[in-house]
Amino acid sequence: MIWCSRCRVSCHVRRHYRILPDDVKSLRAVVNPDVSKIRNIGIMAHIDAGKTTTTERMLYYSGYTRALGDVDDGDTVTDFMAQERERGITIQSAAVTFEWKTHRINLIDTPGHVDFTLEVERALRVLDGAVAVFDASAGVEAQTLTVWRQAEKHRVPCVCFLNKMDKPTASLSFSIESIQKKLKANPVLLQIPVGSGKDFSGVVDLLTNQKLIWKHKTMRDEEDGRTFEITPLDESEEPELLQEVSEARTALIEQVADLDDEFADLLLTDFGENFDEVPSIKLQEAVRRVTLARKGVPVLCGSSLRNKGVQPLLDAITAYLPAPNERHHDLVRWYKDDLCALAFKVLHDKQRGPLVFLRIYSGTLKPQSAVHNINRNSVERISRLMVPFADQNVEIPSMTAGNIALTVGLKQTVTGDTIVSSNGTGAKRGEHASVVLSGVEVPEPVFFCTIEPPTMAKQADLENALNNLQREDPSLKVRVDPDSGQTILCGMGELHIEIIHDRIRREYGIETHLGPLQVAYRESILHEVSTTETLDRTIGERRHVVTVELAVTPLDSSSCEFAFTEELGTKLSAEIKEAVENGLQSAYLQGPLLGSPLQGVSALIQSVHMEPGTSPAMVSACVSRCVHKALRLAGGQVLEPVMSLEVTVEEERLSSVLGDLAQRRGTVRDIQSRHGDKVLLATVPLAEMMGYSTILRTVTSGNATFTLKLDTYEAMNPQDQNTLLKRVSGLL
């Protein structure tokens, strides 16, 4: 039979565009389906694995778009920023809502580049399931590991899609093995490919024993993958294929039985003699239970660019990934039917102001309603409510639990804030005041540089642009240098800073100047030291005298700590304790060598003596001075960010890459083989990686790719540290 992916659901989507503002009844049916029919999912992968292409095919086959978008042509729906279309990469996570058969899918296409890891983090925080896309010729790659760990942290069930099966070097067995070894996951193979390389034409569904074949285009029929042929396997098939399918299905049934007790009992009771008799629906139900319990990950295959295998992937999303009510969000039980939502992304629109993406966990959201932001302790009014379609949005009258909404009017809300209903008494709001959804974990920046407007007249415009961009992107930090007064941009990498610079020019019309990129070092200490500091100040007629005694100790940690002696802790008031803590936090921000933040330092406050009338601010200042004095005496140690580097290169050019790496203080950890290429795994200081992409392109004639991500902070050796300090002080 011939199956066409443009079923009646596509009519719903087209109607969605044609709906008149007063056609509220049918509109509500579209935007508020039953919660069991909703799937909130993300597409995640290493850069260039085919995430955005896969998303574009999903939109096309669901009837949302009329033409197939292409990353290379710069006409994709989800990559709508100018920088994304020019570079062919995803920078911001984009939300797209569409329908597939009887289900609503809220999908977020996330970046694969390490500089934009936060976009993946905040998307996974609010999603119920994820599709991990792999290049079938490369298997698990560096950034795949990162996004997979992020999904595991949020306990997000996943489905794997082995993309690019049409590549000559695509390997099902290699990809499965890399998922097992590198991700420590349990792949549950649901399909095997029909044909390989350029002859890849479809898949065999191991649950139903059916063959799905996408025909090559003819003169009359354009090859858009919309129609494909489904036929049951019979004895006329090639013997090798029948044998492979039989063995793979038996292995699938045995694997699922090992992972699911209910299915194992069914097998032993009813189908112990003949596995071929197991109904596909029972096997599908068992695979769903295994997926939701995160005991295994279903694996499908296809080629999104060649329009093959995407419709079965959509079926797998609805069949195996959870509905919102199947994910257990413990805190939501406090709110029951009251509104509870998490702000996970902010964008700025020139006409409408801040646009805030909300994941609704309970209750109903309506426009023109007031909401309470628990984190800011403020009440704001939602003026408009919309369904997000990448860079197009459709206004709606209400939205229920389980959905992702786009709101206008929330001017104070930022990423990670919890939004609840403002209705009812203040006591009722206070009841929930301490029940806040966990926010989004923001990584520390590793690069920084100065940014200056073309003229001082543009300074206010630049500050406004940077404020807006910081709300959109919490991984971007902006600070003012207290000595020079210069504005400092802090970001996750060269590309991150470059994109921010470009957006300020394009979106805000400001031609800014960037200073040279610098590395975000940290500092620690070498020895334990005790010291005392006294501060004696007379301000007006009031004399402030405080003496602080403390000890600092090196700590094997990426953070800083402090404590009071037991006796002192019981004597000091809460106000003075807070003043001491403020002084410590201030001191920890600026080390004695480079003025960089400290890590791995523990301070023990041994005594605090004050004359009557001494202000808490003076206590803070004295503590800060005492810590700085102790740090100087303890001997400073510069810690530099060390990156994990993975380079894929042709074997004959490997020696050039190794020679260049040796000049960068790099350490080779492993050299692996992958389909005739060499994969170099190394660690290298970030300071040595400035402009590496250009150098690598030169020494390999453009025949290499690399990924870079933060591994750890390590102590510099004395010689390199002295060289750095001399350069910073202007002696070199």
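Residues numbered from 1 in each chain as written. Predicted model: local features only at pLDDT ≥ 70, side-chain atom pairs only at ≥ 80, totals over all residues. Heavy atoms only, no water.

Caption draft 1: How the structure looks around the side chain of K211. With respect to the element layout, K211 can be found in strand 10 (residues 210-213). Using a relative accessible area of 14% as the deciding quantity, one classes K211 as buried. The residues contacting K211, other than those within four sequence positions of it, are V194, V203, V204, E229, I230, T231, L233, E237 and L241. (Helix = DSSP H or I, 4+ residues; strand = E, 2+ residues; numbered from the N terminus. Buried < 20%, exposed > 50% of the residue type's maximum accessible area, 1.4 Å probe, protein only. Contact = heavy atoms within 4.5 Å.)

Caption draft 2: Looking closely at the packing of aromatic side chains. This structure, assessed with the given rule, holds four aromatic pairs. An angle of 55° between the planes, with centres 5.9 Å apart, marks the rings of F344 and F357 as tilted. Of this pair, F344 sits in strand 13 (residues 340-349) while F357 sits in strand 14 (residues 353-362), and the two are 13 residues apart along the sequence. There is no split in this pair, since F344 and F357 are both buried. Seen from their ring centres, F562 and F564 are 6.0 Å apart, and the 85° between their planes marks the pair as edge-to-face. Judged by relative accessible area, F562 falls into the partly exposed class, the value being 27%. Sitting over the ring of Y713, R522 keeps its end group 4.2 Å from the ring centre. Taking the ring centre of F564 as reference, the NZ or CZ of K577 above it sits at 6.0 Å. (Phe/Tyr/Trp six-rings, centres within 6.5 Å; stacked < 30°, edge-to-face > 60°. Lys NZ or Arg CZ within 6 Å of the ring centre and 35° of its normal.)

Caption draft 3: A look at unusual backbone geometry. Of note, R155 is a non-glycine position whose phi angle comes to about 55°, a positive value. In this structure R155 comes out as exposed when scored by relative accessible area, which is 54%.

Caption draft 4: Expanded view of the environment of K350. With respect to the element layout, K350 can be found in the loop between strand 13 and strand 14. With 158 residues separating them along the chain, K350 and Y508 place their C-alpha atoms 9.5 Å apart.

Caption draft 5: Focus on helix 17 (residues 616-634). Across its 19 residues, helix 17 extends 27 Å between first and last C-alpha, which sits within 8% of the 27 Å expected from 1.5 Å per residue. Buried residues belonging to helix 17 abut strand 28 (522-525), strand 29 (529-539), strand 30 (542-554), helix 16 (574-588), strand 32 (601-610) and strand 33 (636-650). After helix 17 finishes, the residue G635 shows a positive phi value of roughly 80°. (Expected span 1.5 Å × (residues − 1).)

Caption draft 6: Structural context of the environment of R376. Within the secondary structure, R376 sits in the loop between strand 16 (369-373) and strand 17 (378-382). Since its relative accessible area comes to 40%, R376 is described here as partly exposed. In this structure, the C-alpha to C-alpha distance between R376 and V414, residues 38 residues apart in sequence, is 9.2 Å. Residues in contact with R376, not counting those within four places in the same chain, are Q412, V414 and D417. Here the side chain of R376 touches D417 through a polar contact of 2.9 Å, side chain to side chain. (Polar contact = N/O pair within 3.5 Å; in protein donor to acceptor, adjacent residues only side chain to side chain.)

Caption draft 7: Representation of the packing of helix 3 (residues 51-61) against helix 11 (residues 310-320) within the structure. Interhelical geometry of helix 3 versus helix 11 gives an angle of 85° and a closest axis separation of 10 Å. The angle between helix 3 and helix 11 falls in the class roughly perpendicular. Residue-level contacts link T54, R57, M58 and Y61 of helix 3 to V310, Q311, L313, L314 and I317 of helix 11. Here the contact of helix 3 with helix 11 is composed, by residue class, of six nonpolar, two polar and one charged. (Axes fitted to C-alpha atoms, helices over the stretch in contact; angles between N-to-C directions. Parallel < 35°, antiparallel > 145°, perpendicular 65-115°, else oblique. Nonpolar A, V, L, I, M, F, W, Y, C, P; charged D, E, K, R; others polar.)

Caption draft 8: Layout of the sheet that holds strand 30. Reading across the sheet, the four strands line up as 29-30-32-31 and stay open at both edges, with mixed pairing between neighbours. Each edge of the open sheet carries a strand with a single partner, namely strand 29 and strand 31 (560-564). Ignoring strand direction, the axes of neighbouring strands in this sheet form an average angle of 25°. Where strand 31 lies against strand 32, five bridges are found, and the strand directions are parallel. Pairing of C560 across the sheet is with V601, part of strand 32. The strands that helix 16 touches are strand 31 and strand 32; relative to strand 32, the one it contacts most, it runs at about 135°. Across the sheet, helix 17 touches strand 29, strand 30 and strand 32, and the angle it forms with strand 29 is around 145°. (Pairing = 2+ DSSP bridges.)

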